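# Structural overview
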Amino acid sequence: MWSDASVRESAALVAPVSAPTKKVSPMSGFLKVEQLAKAYQADKPVFADVSFTIDKGEFVCIIGHSGCGKTTILNVLAGLDTATSGNCFMDGREINGPSLERGVVFQSHALMPWLTVRQNIAFAVKSRWPEWKTPQINLHVEKFVALVGLLPAIDKKPSQLSGGMKQRVGIARAFAIQPKMLLLDEPFGALDALTRGTIQDELMAIVRETHQTVFMITHDVDEAILLADRILLMTNGQETDQGYRPGGMAEVVVNPLPRSRTRAQLHHLDGYYDLRNHIVDFLVSRAKAH
Ligand SMILES: Nc1ncnc2c1ncn2[C@@H]1O[C@H](COP(=O)(O)OP(=O)(O)OP(=O)(O)O)[C@@H](O)[C@H]1O
């Protein structure tokens, strides 16, 4: 899933803001996904009839077994892939290509190895605001590098950074273009547990502070419970006695835990185990991985 990450990310960074389109959606919500389907084989769609909305400032995670189509949905939202049928709208406009209105972070950080941290982020900032002069770009870059605690490494190249630091740069870059929406495809998947926890905390703090709208793929149930306001549960496509049934959205779970939750106290909160068991039960008995 990750081999084409740098191509996808570069496309997302350099593409112009999508032009307005005429289609208007009847559903409410900042992001609207309507009856999305993707089929590589016409008779066996990976998923079908996927509809959901995300409100402004909401953090939504999607969970499902490998192959159910999570990355495909994220790529369609990023404008890097097209659905076989259905529509996606953000802020009233149809998504029909990559746009700097949507920041994307992949599992592999997809930094340009020949550029320093500052230059990697400045590249994105210049694409977003071509009229800005160098001092303004530098100030802006420094602000977001500081946000992820990387000022001491700002003039280093990716090869001089640890995996966690590189992932922080990717997050700083996504935030620096001040997108209307952040799309995160397992951004912490390649990190060790300790680093992952620290960056989860940082991401949560920045998201809360900036009221960022986020759509994130994760395989980690605790990560979803910590970060998400709502968790989308997806089933895999499967053969049944009645024939092939495409994958789809089985359930949308609202996170009842207080938004002020932290990683350290999560396990002590009322409702945590009920929520966790519900999601794990879904994955074990209803999601049907192949
Ligand atoms: N270009 C392609 N051609 C054919 N099939 C594809 C293509 N891209 C993805 N698929 C298939 O579509 C299905 C969904 O892929 P996708 O990467 O969206 O799943 P996912 O839920 O993100 O999986 P993972 O959790 O492993 O990343 C998989 O069965 C995959 O093999």
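None of the values given here were measured: they were computed from a predicted structure.

## Here we look at the sheet that holds strand β5 (residues 93-94)
An order of β2-β1-β4-β5 is seen for the 4 strands of this open sheet, with the pairing classed as antiparallel. The sheet terminates laterally at β2 (47-54) and β5, the two strands that pair on one side only. Strand direction decides the pairing type here: strand β1 (residues 31-38) and β2, joined by 5 bridges, are antiparallel. Each bridged residue has a counterpart across the sheet, and for valine 33 the counterpart in β2 is phenylalanine 52.

## So, the confidence of the model for the chain
On average, residues of the chain score 87 in pLDDT, and 89% of them reach the 70 mark or higher. Within the chain, no element has a lower average pLDDT than helix α1 (residues 5-14), which sits at 42, and none a higher one than strand β3 (residues 59-63), at 97. For the stretch residues 1-22, pLDDT sits under 50, and the model shows 52 contacts to residues farther than four places along the chain or on other chains.

## Things to note about the packing of helix α3 (residues 117-128) against helix α5 (residues 163-176)
One way to put it is that α3 packs onto α5 with a least axis distance of 9 Å and a crossing angle of 25°. Taken together, the axes of α3 and α5 are roughly parallel relative to one another. For the pair α3 and α5, the crossing hand works out as right-handed. Touching Val117, Asn120, Ile121, Ala124 and Val125 of α3 are Val169, Ala172, Arg173 and Ala176, all from α5. Grouping the constituent residues of the contact of α3 with α5 by class yields 7 nonpolar, 1 polar and 1 charged.

## A word on the packing of aromatic side chains
Overall, the coordinates contain 3 aromatic pairs when judged by the stated rule. With 5.7 Å between their ring centres and 10° between their planes, phenylalanine 52 and phenylalanine 215 make a pair best called stacked. Remark: phenylalanine 215 occurs in strand β8 (residues 213-217) and phenylalanine 52 occurs in strand β2; sequence separation between them is 163 residues. With a centroid separation of 4.4 Å and 5° between ring planes, the pair formed by tryptophan 129 and tryptophan 132 is classed as stacked. Like tryptophan 129, the residue tryptophan 132 is buried in the burial classification. Over the aromatic face of phenylalanine 30 sits the side chain of lysine 56, whose NZ or CZ is 4.4 Å from the ring centroid.

## A word on the pairing of β3
Summarising burial for β3: 5 of the 5 residues are buried, a large majority. Across 4 bridges, the pairing between β3 and β8 is parallel. Among the inter-strand pairings, isoleucine 62 is bridged to a residue of β8, identified as isoleucine 217. Pairing of β3 with strand β9 (residues 230-235), which is carried by 4 bridges, proceeds in the parallel orientation. Paired with valine 60 across the two strands is arginine 230, which belongs to β9.

Calculation notes
Residues numbered from 1 in each chain as written. Predicted model: local features only at pLDDT ≥ 70, side-chain atom pairs only at ≥ 80, totals over all residues. Heavy atoms only, no water. Pairing = 2+ DSSP bridges. Helix = DSSP H or I, 4+ residues; strand = E, 2+ residues; numbered from the N terminus. pLDDT = per-residue confidence, 0-100. Contact = heavy atoms within 4.5 Å. Axes fitted to C-alpha atoms, helices over the stretch in contact; angles between N-to-C directions. Parallel < 35°, antiparallel > 145°, perpendicular 65-115°, else oblique. Left-handed = near helix turned anticlockwise from the far one by under 90°. Nonpolar A, V, L, I, M, F, W, Y, C, P; charged D, E, K, R; others polar. Phe/Tyr/Trp six-rings, centres within 6.5 Å; stacked < 30°, edge-to-face > 60°. Buried < 20%, exposed > 50% of the residue type's maximum accessible area, 1.4 Å probe, protein only. Lys NZ or Arg CZ within 6 Å of the ring centre and 35° of its normal.

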